[in-house]
Amino acid sequence: MMHTDEYEISIGRELNHHQQVVRKIQASLAERQLRYKMDYAEAAKAVAEGRLAIAAKELATWHEDVEALPQWEQRLEEYRKALAMMRISASRS
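Thresholds, definitions, all that
- Residues numbered from 1 in each chain as written.
- Predicted model: local features only at pLDDT ≥ 70, side-chain atom pairs only at ≥ 80, totals over all residues.
- Heavy atoms only, no water.
- Helix = DSSP H or I, 4+ residues; strand = E, 2+ residues; numbered from the N terminus.
- Buried < 20%, exposed > 50% of the residue type's maximum accessible area, 1.4 Å probe, protein only.
- Polar contact = N/O pair within 3.5 Å; in protein donor to acceptor, adjacent residues only side chain to side chain.
- Contact = heavy atoms within 4.5 Å.
- Arc of directions from axis to C-beta.
- Core = buried A, V, L, I, M, F, W, Y, C linked by side-chain atoms within 4.5 Å.

Novice: Could you clarify how one ought to interpret the side chain of Asp65 in this entry?
Specialist: Here Asp65 shows up in helix H3 (residues 56-92). What makes Asp65 buried here is its relative accessible area of 15%. Here the side chain of Asp65 touches Arg32 through a polar contact of 2.9 Å, side chain to side chain. Discounting chain neighbours no more than four positions away, the residues touching Asp65 are Ile25, Ser28, Leu29 and Arg32.

Novice: Looking at this structure, I do not really get helix H2 (residues 40-48). What am I missing?
Specialist: An α-helical turn contains 3.6 residues, so a residue and the one three or four places further along point in the same direction. The set of residues buried in H2 consists of Tyr40, Ala43 and Ala46. Down the axis of H2, the smallest arc covering the buried residues is 125°, so these residues share one side. What points out from H2, more than 90 degrees from its buried face, is the exposed set Ala41, Lys45 and Ala48. Among the residues trailing H2, Gly50 stands out with phi positive, at a value near 75°.

Novice: For this particular structure, what's the right way to read the nonpolar core?
Specialist: The nonpolar side chains of a soluble globular protein tend to be buried, and buried together. If you look at the biggest cluster of nonpolar residues, it comprises 21 residues, and the most contacted ones within it are Ile25, Leu52 and Trp62. For this core, the secondary structure elements donating two or more residues are helix H1 (5-36), H2 and H3. With 8 residues, H3 is the largest single contributor of residues to this core. If we ignore the near neighbours within four places in the chain, the residues touching Trp62 are Leu29, Arg32, Gln33, Tyr36, Met38, Asp39, Tyr40, Ala43 and Ile54.

Structure representation (structure tokens):
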């Protein structure tokens, strides 16, 4: 594999973007959990049982965040590994 600064810069940008998205989703989930004093699963059950009034759009967005977070975290880890491998490769050159 040929190492170039451009690849490292590009992967670094993707890594930073993914870190920002993960932090944003985590903050959103934490804010909702604090506001409603429960996690998504508890909130969805409470809505279904009529114990919690929350806009359907808000609940849907919450669900999307819960589903998206592990995917973004996985991609973030893949970029971290790719960048680490690239730096190891560059140091051997």
